Amino acid sequence: MTDQSNSLHVRDVANLLHPNTNARRHEAQGPMIITRGEGIHVYDDQGKAYIEGLAGLWSVALGFGEKRLAEAAARQMQALPYYHTFSHKSNAPAIELAERLVEMTPEGLTKVFFTNSGSEANDTVVKMIWYYNNALGRPAKKKIISRARAYHGITIIAGSMTGLPMNQRDFDLPLPGFLHLTCPHHYRNALPGESEEDFATRLADELEAMILREGPETVAAFIGEPVMAAGGVMPPPETYWTKIQAVCRRHDVLMVADEVINGFGRLGTPFGCDRYGISPDFMVLSKQLTSSYMPLSAIVLSDQVYQVIADNSDRIGAFGHGFTATGHPVATAVALENLRIIEERGLIAHAAAIAPALQDGLRSRFADHPLVGEVRGVGLIAGVELVADKARKTKFDPPGQVAAYLHARAQEHGLILRAIEDTLAFCPPLIITEAEIGMILDRFGAALDDSYAWVKTRAAP
Ligand code: PMP
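Looking up the chain in an unreviewed UniProt entry gives the name 4-aminobutyrate--pyruvate transaminase, with the organism given as Xanthobacter flavus. The Sequence similarities (unreviewed entry) comment attached to the chain in UniProt states, word for word, "Belongs to the class-III pyridoxal-phosphate-dependent aminotransferase family." We quote the UniProt Cofactor (unreviewed entry) comment for the chain here in full: "pyridoxal 5'-phosphate".

Printed below as a string of structure tokens:
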């Protein structure tokens, strides 16, 4: 028997506390160690290949072996490995990337602020909003409205806007002043017989009632992912964003589009805002911005907000916010190369063109399966929700076990997905081909059949 005592598996369990992981279960089962990646595949330390059906954490647009990103990082490391952007300092990659992002994003967004993660970006947006309303002499206008099952990150402010119990319970979150509306998930939350349009109207009315109840003079902003992702992949009902936007404008409530997952082609459009006709005051970007080869996030803000911030910082001396790595030259150089490749290879149009292979493929092959309650998605992001009783939409009790089983079976079949309660999420790299989508569907189908057999044995007397 080989001595495992010094293996990476043992050292992992001995030394690491993993994010978003059951720590005791981890002690028992140990880590899955990924050693390399190529295209849409990653390989574990036993040499087994997996299709990364979630692009890592919804983020590796270019797949796992893009040499040009490594070269861009190496070139920048040698030219200027680090410099900051405090106190009027700057660097070329940060300037070029800011210019590129202003060009790409909707009209009216004119300035970029760099951060390192989606959570930091969302915290920064809220601080900007508070600063903006203080500058305008309306210090009571500070509340932020989000939605149940939203995911905006896990720092104290971002975690307050997230609407998932796991990220809030036992962390004393949300903070006061962070409110949550009904999740715009038609399958679960519409009334019997309610159309998508009527459901959207009801949700916009709910937003307006909340603003009026709280007092518009206390409500600063509404934040949303155009398509909700980490809460279970939930595209909005028809007409939702137009109606929500009208309510926000009516009450002088700023709109924040969290495009951390949607941005850069995930939905087959440059941004979720393009797909749904949203004109936000802030857009939050990360993940596919660098294909996650480097940590980087960005806020793109409106000229109107910028002018107020600029006037106020002039009055008090400076805009007192920023990070050591704000505008990091290596991260921004990698982002520029990543965006160049997305453009050169036409990957946004590619995502739109092959989306039906994923969306129609999932629906035609699995929507009628007895375990499947709903198949949903847009572009190259999709969710398959499992249910105990298809006709009644009954959830499994306890939730999550069947999806966890399916997730493990899929991994056996060489496919990494994400289980969110009883929804399996799909979000492959944008470089995926139609044939590779076929492989995802085959492997998922095998895991679904395994899971159905398992559910039937469990149900047997
Ligand atoms: N916003 C959204 C929409 C996200 O999906 C995520 C991460 N999944 C975040 C914010 C937080 O990003 P990070 O994990 O980089 O803090």
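This next bit is on the overall build of the chain. Tallying secondary structure elements over the chain gives 17 helices and 15 strands in all. Relative to the compact-globule value of 23 Å for 461 residues, the chain shows a C-alpha radius of gyration of 22 Å, a close match. For the chain, the spread of C-alpha atoms along the three principal axes comes to 70 × 60 × 45 Å. For the chain, the share of sequence-separated contacts (at least 6 apart) that also reach a separation of at least 24 residues comes to 71%.

Moving on: the site of the ligand. The ligand sits among 15 residues. The nearest are Ser117, Gly118, Ser119, Gly153 and Val260. Sorting elements by how many residues they give to the shell around the ligand places helix H6 (residues 118-135) first, with 3 residues. Its residues placed into classes, the shell around the ligand shows 6 nonpolar, 7 polar and 2 charged.

Attention now moves to the environment of Lys142. Structurally, Lys142 is set in the loop between H6 and strand E5 (143-147). Residues Lys142 and Trp130 lie 12 residues apart in sequence; the distance between their C-alpha atoms is 5.9 Å. Contact partners of Lys142, with chain neighbours within four places excluded, come to Trp130, Asn133, Gly177, Thr218 and Ala220.

Moving on: the sheet that holds strand E6 (residues 178-181). Taken together, the 7 strands give an open sheet; going across it, the order is E4-E10-E9-E8-E7-E5-E6, and neighbouring strands pair in mixed fashion. In the strand order of this sheet, the two ends are held by strand E4 (109-115) and E6, each with one partner. Pairs of neighbouring strands in the sheet enclose a mean axial angle of 20°, with direction left out of account. Relative to strand E10 (residues 297-302), strand E9 (residues 282-285) runs antiparallel, the two sharing 4 bridges. The partner of Phe282 across the bridge, within E10, is Leu301. Set on the sheet, H6 makes contact with E4, E5, strand E7 (219-224), strand E8 (254-258), E9 and E10; between it and E10 the angle comes to about 25°.

Strands sit in the order E1-E2-E3-E13 across an open sheet of 4 strands; the sheet is mixed. Strands with a single pairing partner mark the edges of an open sheet, and in this sheet they are strand E1 (34-38) and strand E13 (415-416). In this sheet, strand E2 (residues 41-44) lies alongside E1 in antiparallel orientation, the contact comprising 4 bridges. When the bridges of E2 are listed, Glu38 appears paired with His41.

This part is about the packing of helix H16 (residues 401-412) against helix H17 (residues 434-459). Closest axis-to-axis distance for the H16/H17 pair is 8 Å, and the angle between their directions is 135°. Taken together, the axes of H16 and H17 are oblique relative to one another. Crossing of H16 over H17 shows right-handed handedness. Listed contacts from H17 to Val402, Tyr405, Leu406, Arg409 and Ala410 of H16 are Arg443, Phe444, Ala447, Leu448, Asp450, Ser451, Trp454 and Val455. Split by residue class, the contact of H16 with H17 holds 9 nonpolar, 1 polar and 3 charged.

Along its sequence, the chain is organised into domain 1 (32-65 + 346-459) and domain 2 (69-344). Across the boundary between the two partners, domain 1 contributes 25 residues, which contact 25 residues of domain 2. When residues in the side of domain 1 that touches domain 2 are grouped by element, the largest group, 5 residues, is from helix H15 (residues 347-366). Along the lines of polarity and charge, the residues of the side of domain 1 that touches domain 2 split into 16 nonpolar, 6 polar and 3 charged.

Here Pro93 lies in helix H5 (residues 92-104). Here the alpha-carbon distance between Pro93 and Ala331, two residues 238 residues apart in the chain, equals 8.6 Å. Ignoring anything within four residues of it in the chain, the contact list for Pro93 reads Gln76, Pro329, Thr332, Ala333 and Leu336.

Counting 129 residues, the largest nonpolar core has Ala298 and Ile299 as its most contacted members. Residues from two domains meet in this core; each of domain 1 (32-65 + 346-459) and domain 2 (69-344) gives at least three. With sequence-adjacent residues up to four places away left out, Ile299 is seen in contact with Val112, Phe113, Thr115, Ala121, Thr124, Val125, Phe282 and Val284.

Next up on the list: unusual backbone geometry. Backbone torsion omega between Leu173 and Pro174 reads 0°, so that peptide bond is classified as cis. Inspection of the secondary structure assignment puts Pro174 in the loop between helix H8 (165-168) and E6. Even without glycine at this site, Trp58 takes up a positive phi of about 60°. By the secondary structure assignment, Trp58 is in helix H3 (residues 55-58). Overall, Trp58 belongs to the buried group, with 23 C-beta atoms counted inside 10 Å. Residues other than glycine seldom take positive phi values, yet Ser291 does so here, at roughly 55°.

Let us now look at the packing of helix H4 (residues 67-79) against helix H14 (residues 329-344). Two elements in contact, H4 and H14, have axes whose closest approach is 9 Å; the angle formed by their N-to-C orientations is 145°. Note that H4 runs across H14; the crossing there is right-handed. In this structure, H4 uses Arg68, Leu69, Ala72, Ala73, Gln76 and Met77 to contact H14, whose residues at the interface are Pro329, Val330, Ala333, Val334, Glu337, Asn338 and Ile341. Looking at the contact of H4 with H14 residue by residue, the class counts come to 9 nonpolar, 2 polar and 2 charged.

What counts, and at which threshold
Residues numbered from 1 in each chain as written. Predicted model: local features only at pLDDT ≥ 70, side-chain atom pairs only at ≥ 80, totals over all residues. UniProt positions renumbered as here; feature names shortened; annotations may be inferred. Helix = DSSP H or I, 4+ residues; strand = E, 2+ residues; numbered from the N terminus. Rg over C-alpha atoms; globule rule 2.2 N^0.38 Å. Contact = placed C-beta atoms within 7 Å. Near = placed C-beta within 6 Å. Nonpolar A, V, L, I, M, F, W, Y, C, P; charged D, E, K, R; others polar. Pairing = 2+ DSSP bridges. Axes fitted to C-alpha atoms, helices over the stretch in contact; angles between N-to-C directions. Parallel < 35°, antiparallel > 145°, perpendicular 65-115°, else oblique. Left-handed = near helix turned anticlockwise from the far one by under 90°. Domains from an automatic or database assignment. Core = buried A, V, L, I, M, F, W, Y, C linked by C-beta atoms within 7 Å. Buried ≥ 20, exposed ≤ 12 C-beta atoms within 10 Å, placed from the backbone.

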